[in-house]
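Secondary and tertiary structure notes
Here is how the chains run, residue by residue.
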Amino acid sequence: MTTITAILIDDEFSALKGLQQKVEKFFPEISITATFQKPEDAIAYIKKDPPEILFLDIQMPRLNGFELLSELDGLDFQVIFVTAYNEYAVAALKKSAIGYILKPVDDDDLKHAITKAITTIREKQQLESSNKLIEVLTETISKRNKIIVPTEKGLSFIPQDEVLHLEGFQGYTKFHLSNNTELLSSYNLGKFEPSLGRIFFKCHKSHIVNLEKVRSFENEGYLVLENGNRVPISKTNRKAFLEMFR
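Residues numbered from 1 in each chain as written. Predicted model: local features only at pLDDT ≥ 70, side-chain atom pairs only at ≥ 80, totals over all residues. Heavy atoms only, no water.

Within the protein chain one finds seven helices and 15 strands. Across the 246 residues of the protein chain, 39% fall into the buried class. Relative to all contacts within the protein chain whose residues are 6 or more apart in sequence, the contacts with residues 24 or more apart total 51%. In the form shown here, the protein chain has an accessible surface area of approximately 14,100 Å², with 48% of it arising from carbon and sulfur atoms. (Helix = DSSP H or I, 4+ residues; strand = E, 2+ residues; numbered from the N terminus. Buried < 20%, exposed > 50% of the residue type's maximum accessible area, 1.4 Å probe, protein only. Contact = heavy atoms within 4.5 Å. Areas by Shrake-Rupley, 256 points an atom, 1.4 Å probe, with all protein chains shown as cover.)

What follows is the structure, encoded as structure tokens:
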């Protein structure tokens, strides 16, 4: 199992060591790369080597936990607040904390928060791995004039000349195929644009057509495909489309 990195920040030495012992006892897959009592030192370290989980006290001298996070805005990690002050709970949640644990630390509360953080991290890693695989496949398959279409069942490899047009809606993409079938992907239209060949033309913000399948242009703003479907073409794209045929 892949190790998950973590950093602990608490101005109280005893609380810091106690938390470290519990984390290492219950979750051996977590590697605590550093612990800090001074928030300022932690900021410099995290900017250089960000962890996957940050255990953070809120009430600390000079710089509280929320102020520390503001200094780290833009970094991507799971935050688990560990504090003696219950009144900070709402503010902690607004900071998108994955967990909020009151001192003295209850073992079950700690296990629940860490399990939630690990699940989120693993899901993200899996998604990134899947996206990387699709990128590699896309580069390889596109050379064979095929489009990789991620669907709920897996991956479909569609020859580009079988695609009439791509339609984007509500973050999804619908492939209209020459055999009068449709294929739905959870990827948005923009994800497919780089892998499409030169025979495809984006005629509208939500539509990309296969130029070889276009049979006519209607003045009111539509392209008619070989199966009779009418696809809207925006005013800004009409000139570019017509100039291709001059």
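Turning next to the sheet that holds strand β12 (residues 207-210). Within the open sheet, the five strands sit side by side as β10-β9-β8-β12-β11. Their pairing is antiparallel. Among the strands making up the open sheet, the edge pair consists of β10 (182-185) and β11 (200-204). Here the strands of the sheet are splayed against their neighbours by 20° on average, with no regard to which way each runs. Examined bridge by bridge, strand β9 (residues 172-177) and β10 share four bridges and lie antiparallel to one another. Its bridge partner being in β10, Thr 173 is matched across the sheet by Ser 185. (Pairing = 2+ DSSP bridges. Axes fitted to C-alpha atoms, helices over the stretch in contact; angles between N-to-C directions.)

Let us look at the packing of aromatic side chains. In total, this model carries seven aromatic pairs according to the counting rule given. Measuring from ring centre to ring centre gives 5.0 Å for Phe 175 and Phe 192, while their planes differ by 85°; the resulting arrangement is edge-to-face. Of this pair, Phe 175 sits in strand β9 while Phe 192 is found in helix α6 (residues 189-192), placing the two residues 17 residues apart along the sequence. Across this residue pair, the class does not change: Phe 175 and Phe 192 are buried. Relative to Phe 192, the ring of Tyr 187 has its centre 6.3 Å away and its plane inclined at 45°; by these criteria the two rings are tilted. You can call Tyr 187 buried: its relative accessible area is 18%. (Phe/Tyr/Trp six-rings, centres within 6.5 Å; stacked < 30°, edge-to-face > 60°.)

Now for unusual backbone geometry. Excluding glycine, most residues fall at negative phi; most peptide bonds, likewise, are trans. The residue after Lys 103, namely Pro 104, is reached through a cis peptide bond having omega -5°. Inspection of the secondary structure assignment puts Pro 104 in the loop between β5 (99-102) and α5 (107-141). Its identity is not glycine, yet Arg 62 carries a phi of approximately 70°, on the positive side. Summarising the element assignment, Arg 62 is placed in the loop between β3 (53-56) and α3 (65-71). According to the relative accessible area criterion, Arg 62 is exposed, its value standing at 59%. A positive phi angle is found at Asn 180, which is not glycine, with a value near 65°. Residue position: Asn 180 is located in the loop between β9 and β10. With relative accessibility at 64%, the residue Asn 180 sits in the exposed group.

With 14 residues, helix α1 (residues 13-26) should reach 20 Å at 1.5 Å per residue; the first-to-last C-alpha distance of 20 Å fits that figure. For α1, every residue scored as buried is listed here: Leu 16, Leu 19, Gln 20 and Val 23. For α1, the buried positions fall inside an angular range of 105° around the axis, keeping them on one side. Turned more than 90 degrees from where α1 packs its buried face, Ser 14, Gln 21 and Lys 25 sit exposed. (Expected span 1.5 Å × (residues − 1). Arc of directions from axis to C-beta.)

Looking now at the pairing of β3. Burial along β3 is two-sided: Ile 53 and Phe 55 and Leu 54 and Leu 56, pointing in opposite directions, are all buried. Sheet analysis places strand β1 (residues 4-9) next to β3, joined by four bridges and oriented parallel. Directly across from Ala 6, in β3, lies its bridge partner Ile 53. Inspection of the sheet shows β3 paired to strand β4 (residues 78-83) by four bridges, in the parallel sense. Along β4, the bridge assignment pairs Leu 56 with Phe 81. Handedness of the β3-α3-β4 crossover: right-handed. (Right-handed = clockwise from strand over helix to strand, strands pointing away.)

Two pairing modes exist for strands in a sheet, parallel and antiparallel, and in both the strands are linked by backbone hydrogen bonds. Strand order across the open sheet formed by five strands is β2-β1-β3-β4-β5, with parallel pairing between neighbours. Both outer strands of the open sheet, β2 (30-36) and β5, are each paired with one neighbouring strand and no more. Each strand axis lies, on average, 20° off the axis of its neighbour in the sheet, ignoring direction. Its contacts with the sheet put α1 on β1, β2, β3 and β4, and the angle it makes with β2 is roughly 175°. Where helix α2 (residues 39-48) meets the sheet, it contacts β1, β2 and β3, and its direction lies at approximately 140° from that of β2.

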